[in-house]
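Observations on chain architecture
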There are 2 protein chains.
Amino acid sequence: MTEQLEADVAIVGAGLAGLVAARRLAAAGLHPVVVEARERVGGRLLNEEIGEGKVVEVGGQWIGPTQERIAALADELGVATFPTFAAGRDVMVMDGKRTTYSEFARVRPELLRDLSRAVSPLALIDFEQARARLDRMARQVPLEAPWEAPKARLWDGQTFATWVRRNLRTAAGRTLFELVTEAVWAAEPADVSLLHVLFYTRSGSGFNSLVGTEGGAQQDRFHGGSQRLALLMAEQLGGERVRLGCPVRRIEHGGGRVVLQAGDGEGAIALRARRAIVAIPPTLAGRIDYDPILPALRDQLTQRMPQGSVIKTMAIYDEPFWRREGLSGQGTSDVGPARVVFDNSPPDGSPGVLLGFLEGRFARHWATRPAAERRQAILAGHARLFGPRAAEPTGFVERIWADEEWTRGCYGCLMTTGGWTEYGRALREPIGRLHWAGAETATVWNGYMDGAVRSGERTAAEVGAAVEAE
Amino acid sequence: MTEQLEADVAIVGAGLAGLVAARRLAAAGLHPVVVEARERVGGRLLNEEIGEGKVVEVGGQWIGPTQERIAALADELGVATFPTFAAGRDVMVMDGKRTTYSEFARVRPELLRDLSRAVSPLALIDFEQARARLDRMARQVPLEAPWEAPKARLWDGQTFATWVRRNLRTAAGRTLFELVTEAVWAAEPADVSLLHVLFYTRSGSGFNSLVGTEGGAQQDRFHGGSQRLALLMAEQLGGERVRLGCPVRRIEHGGGRVVLQAGDGEGAIALRARRAIVAIPPTLAGRIDYDPILPALRDQLTQRMPQGSVIKTMAIYDEPFWRREGLSGQGTSDVGPARVVFDNSPPDGSPGVLLGFLEGRFARHWATRPAAERRQAILAGHARLFGPRAAEPTGFVERIWADEEWTRGCYGCLMTTGGWTEYGRALREPIGRLHWAGAETATVWNGYMDGAVRSGERTAAEVGAAVEAE
């Protein structure tokens, strides 16, 4: 028997966006019910315990400057932050050569000197010139309407790969841009529209902000893990307002109400509400059965926003041994397979944790290999960066996000070429009683936890205003 | 109550691919059941009656040289063809200038002379040089494995728009390439990977074959309309083997059998079979709920194959008045909104029918306008090509394929950049007991009716061999 439920607002997805929307609506005196496919809340945020009450995050984890809404939420919930460990020198392996250096994001004489053991000064200047050019272009993209950028059609008609080929003159400079693309979008430069890269760069306060640790998007971490934000919100909302294990299969929205059909068999529910907020990645939102069907522009938008590809891995050691060698634990390697590595140890530095990202084509390739072979290759890569001890962890944790039924990729959905200019208008625009949330819908910090929070706040405001007007 | 059905092979989709597969399997002594979401068969083939037993096709309609499998099928079914009307001069409107000319596909002195009233000879030479270059590149793409082309990554990393910008020097040459892209893919050059364009060009026997009428993909038509092929196959299979109005929502394929859950409420069925053939467009195949979920590579492939956009329109006149003026009824216009026009009159030339295609961004824009406004704009475009009589049809028929729940675009799914090289391997490869058919999976005449037929034949052979081996 299908359980019949009533709410003011039905929310699809108990990630940050959906929970923030529910929290706001509840605070405004409305009755929201969040329906979540998984048996847990958090969406792309997920803590994993590594013993002694400590956790690593196998999903999104960082918070940085200008991410004001997630910061405010953490404050409200009493979740404190601590700095990402970044003291010491970073490591780079390029073309078989290893070097350490004191900072990555800016071209300074000492950085040139240090890095030039692995990358030619010409390549570094090449990289920096392209970085500056990209930032200048990004500032011309209106965040609310990227399709109104002066050169929108030109930029949306080409891939980022095309731009990189034409604007970087050195092979190493191109490789660095490829590494950045993988690190920021979990995608290859070929996968994504130049206009999307520009929009996203501006949305995240600029190139150095996106890639930076101190002063950038990777600056700080949450005590107890980022998923705590979702867990605490869900706890405060209560089990009646957050229904787990209920994949939404169908949304009827033709009449004066919406009805969500969710769950299977004995767990099936039908949730009637005045409005709905769909707070899941666009590619998955497109798989729900809508009655009436959605306008073509919206449907085809969701056909054009594929997820990126990432495998997030944690190698766990008795201690962060690299720190004693004056290394930050941050590493970059052209061979990978984890091409970007961070020190992800708990705040007290025990145990030591090296976080390795396999992204874009590396994630795609290695996801199809046996787990033992993948682990061995990743650890061999860590050893190239941090020495042989890195090959002998005491534990190893990984998460292949494309294998997750209710995500099917990470970090988020990208815009393919032509997407923004032809379909961008359908990204946030409500359709009758349906509203669209999620990190992919944010104008500021699109794709980040902060963007997810902002989208939850925006849709709660939209719905609140609409309900009041009725 | 859910009706329980048994079959040897369950087939999703009663388009050409699914019906051909069923027909083949039945001929081999197996029991197939086709489950179709719509209340009709034919998928993207659809006849519409225009009186006196005559029809126009608002979906796929043409057959041309080297399309051997659809030709063989038509022979088997006793469906005859007739030539597309192409006698007389074509019309072109470019930059506000109108001209008529005797052939489009090749650069010949008299064509240069004729067309140069609307397009400069320089632009025509520019176009022809680019056409030749494209054909040369296309011949380097292996149809079974486009990702193995020598320059696969380079070509898959750029849009067709990028290639057109860099390889055509005249504005008019670029416009002509844009028109061709819309006509062949119902997409803009920005929407599609260069590698896909090259693959598709080779798959369809070359550029001139794709765009041509005589000697090309638009050469002939079917008496009684192309949908007859599907209708006749369904009739021969019988109602027990073709279940209409049953959208497949879920496919369980983990055990020694597959189970399709389809239909809703009183029409719900559960179909158990040894194997399943999914014969619907990839983007829609990705929306089915699979248990177990599909491998990441397959799922992410379906996130990256969006449908094109087309509105197919027919303006009906007492007679094909243009023929008396020595015109073929074929027209091309840079302003459109129907930028490509054909004489689509029944074989006896009565009534007169002008077929107008709105494609790519023209389809997207005009689909959101009121029907009367759209019709008026289309007829005004026809009048620019064929004179004021074209503005006064006795009837008007249109089909917006992106508004169709069980297609959500047309002509077919495209590969976005990066798609072939990173995901192409997952396009046809069976996953356990699941096989993949549909025009998008064809190596020869991909995207065409002929490709659909070939994919049905291929999957029937795959399934036949697998069943025999069990």
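Residues numbered from 1 in each chain as written. Chains lettered and ligands numbered in written order. Predicted model: local features only at pLDDT ≥ 70, side-chain atom pairs only at ≥ 80, totals over all residues.

**A short note on the overall build of chain A**
If you tally the helices and strands in chain A, you get 17 helices and 22 strands. With the C-alpha coordinates aligned to their principal axes, the bounding extent of chain A is approximately 65 × 55 × 40 Å. Expressed as a percentage of the 470 residues in chain A, the buried residues total 59%. The long-range fraction of contacts in chain A, counting pairs at least 24 apart against all pairs at least 6 apart in sequence, stands at 72%. (Helix = DSSP H or I, 4+ residues; strand = E, 2+ residues; numbered from the N terminus. Buried ≥ 20, exposed ≤ 12 C-beta atoms within 10 Å, placed from the backbone. Contact = placed C-beta atoms within 7 Å.)

**Concerning the environment of A:Leu327**
Residues and elements named next belong to chain A. Looking at the element boundaries, Leu327 is found in strand β18 (residues 327-333). Between the C-alpha atoms of Leu327 and Val91, which are 236 residues apart in sequence, the distance is 7.5 Å. Residue contacts for Leu327: discarding those within four places in its chain leaves Gly88, Arg89, Val91, Thr100, Trp322 and Phe386.

**So, the environment of B:Leu5**
Residues and elements named next belong to chain B. Within the fold, Leu5 resides in strand β1 (residues 3-6). The sequence separation of Leu5 and Ile50 amounts to 45 residues, and the corresponding C-alpha distance is 38 Å. If we skip the residues at most four places from it in the chain, Leu5 touches Val33, Ile269, Ala270 and Leu271.

**Some thoughts on the pairing of strand β13 (residues 258-262) of chain B**
All names here are of chain B. Across the 5 residues that make up β13, a large majority, 4, are buried. Here strand β12 (residues 248-252) runs beside β13; their pairing, made up of 4 bridges, is antiparallel. Considered in β13, the bridge of Glu252 is made with Val259. Hairpin connection of β12 to β13: 5 residues between the antiparallel strands. Across 5 bridges, β13 lies against strand β14 (residues 269-273) in antiparallel orientation. Its bridge partner lying in β14, Gln261 is registered against Ala270. (Pairing = 2+ DSSP bridges.)

**Quick notes on the packing of helix α1 (residues 16-27) of chain B against helix α10 (residues 227-237) of chain B**
Residue and element names in this part refer to chain B. Two numbers describe how α1 lies on α10: the axes approach to 10 Å, and their chain directions differ by 35°. α10 is crossed by α1, and the crossing has left-handed handedness. Across the interface between the two elements, Leu16, Leu19, Ala22, Arg23 and Ala26 from α1 touch Leu229, Ala230, Met233, Ala234 and Leu237 from α10. In terms of residue class, the contact of α1 with α10 is built from 9 nonpolar, no polar and 1 charged. (Axes fitted to C-alpha atoms, helices over the stretch in contact; angles between N-to-C directions. Left-handed = near helix turned anticlockwise from the far one by under 90°. Nonpolar A, V, L, I, M, F, W, Y, C, P; charged D, E, K, R; others polar.)

**Some words on the interface of chain A and chain B**
The interface of chain A with chain B comprises 35 residues on the first partner and 35 residues on the second. Elements with a minimum of two residues in the side of chain A that touches chain B: α6 (160-167), α12 (296-303) and α14 (361-367) of chain A. Looking at which element gives the most residues to the side of chain A that touches chain B, the answer is α12(A), with 5 residues. Within the side of chain A that touches chain B, the residues separate by chemical class into 9 nonpolar, 14 polar and 12 charged.

**As for the sheet that holds strand β17 (residues 310-317) of chain A**
All names here are of chain A. Read from one edge of the open sheet, 7 strands run β9-β8-β18-β19-β20-β17-β21, paired in mixed fashion. What marks the edges here is a single partner per strand, and that holds for β9 (97-101) and β21 (395-400). Here the average twist between neighbouring strands, direction ignored, is 15°. As paired elements, strand β8 (residues 89-94) and β9 share 5 bridges and run antiparallel to each other. Each residue of the ladder has a partner; that of Val93, found in β9, is Arg98. Relative to strand β20 (residues 352-359), helix α7 (residues 171-185) is tilted by about 105°, and along the sheet it contacts β8, β18, β19 (340-343) and β20.

**Section: the packing of helix α4 (residues 121-138) of chain A against α7(A)**
Helix packing geometry: the angle between the two helix axes and the distance between the axes. Residue and element names in this part refer to chain A. At a closest axis distance of 8 Å, the pairing of α4 and α7 adopts a crossing angle of 50°. For the element pair α4 / α7, the angle class is oblique. Between α4 and α7 lies a crossing whose hand is right-handed. Contacts between α4 and α7 involve Ala123, Asp126, Phe127 and Ala130 from the former and Ala172, Gly173, Leu176 and Phe177 from the latter. (Parallel < 35°, antiparallel > 145°, perpendicular 65-115°, else oblique.)

**So, the relation of the copies chain A and chain B**
Its rotation angle being 180°, the transformation that places chain A on chain B also includes 0.0 Å of axial translation and leaves an RMSD of 0.0 Å. Seen this way, the second copy is the image of the first under a two-fold rotation axis. Among all C-alpha atoms of chain A, that of A:Arg287 lies closest to the rotation axis, at 2.3 Å. An overlap of 100% is found between the interface residues of chain A and their copies at the interface of chain B, pointing to a shared contact surface. (Least-squares fit on C-alpha atoms with pLDDT ≥ 70 in both.)

**Focus: the sheet that holds strand β3 (residues 32-35) of chain A**
In sheet architecture, strand pairing relies on hydrogen bonds along the backbone and comes in two forms, parallel and antiparallel. Residue and element names in this part refer to chain A. On the basis of which strands lie adjacent, the open sheet formed by 5 strands has the order β11-β3-β2-β15-β22 and parallel pairing. Taken across any chain shown, the strands that pair with only one partner, and hence form the sheet edges, are β11 (242-243) and β22 (434-436). Against the sheet, helix α1 (residues 16-27) makes contact with β2 (9-12), β3 and β15 (275-278), and its axis sits at roughly 165° relative to β3, the strand it touches most.

**A word on the domain arrangement of chain A**
Residues and elements named next belong to chain A. Domain assignment breaks chain A into domain 1 (3-43 + 226-305 + 417-469), domain 2 (47-85 + 218-222 + 308-403) and domain 3 (120-210). A straight line from the C-alpha centre of domain 2 to that of domain 3 covers 25 Å. The interface of domain 2 with domain 3 comprises 13 residues on the first partner and 9 residues on the second. When residues of the side of domain 2 that touches domain 3 are traced back to their parent elements, those giving at least two are β20 and α14. (Domains from an automatic or database assignment.)

**Focus: helix α8 (residues 194-203) of chain B**
All names here are of chain B. Burial runs high along α8: 10 of the 10 residues are buried. Turning to α8, its buried residues are Leu194, Leu195, His196, Val197, Leu198, Phe199, Tyr200, Thr201, Arg202 and Ser203. At the exit of α8 stands Ser205, carrying a positive phi of roughly 70°.

**Some remarks on the nonpolar core**
Considering soluble globular proteins, one finds that nonpolar side chains tend to be buried as a cluster. Within the largest apolar cluster, 295 residues are counted, with the highest numbers of intra-cluster contacts made by A:Ala10, A:Ile11, A:Val35, B:Ala10, B:Ile11 and B:Val35. Beyond its immediate sequence surroundings of up to four residues, B:Ile11 is in contact with B:Gly18, B:Ala21, B:Ala22, B:Pro32, B:Val33, B:Val34, B:Val35, B:Ile277 and B:Ala279. (Core = buried A, V, L, I, M, F, W, Y, C linked by C-beta atoms within 7 Å.)

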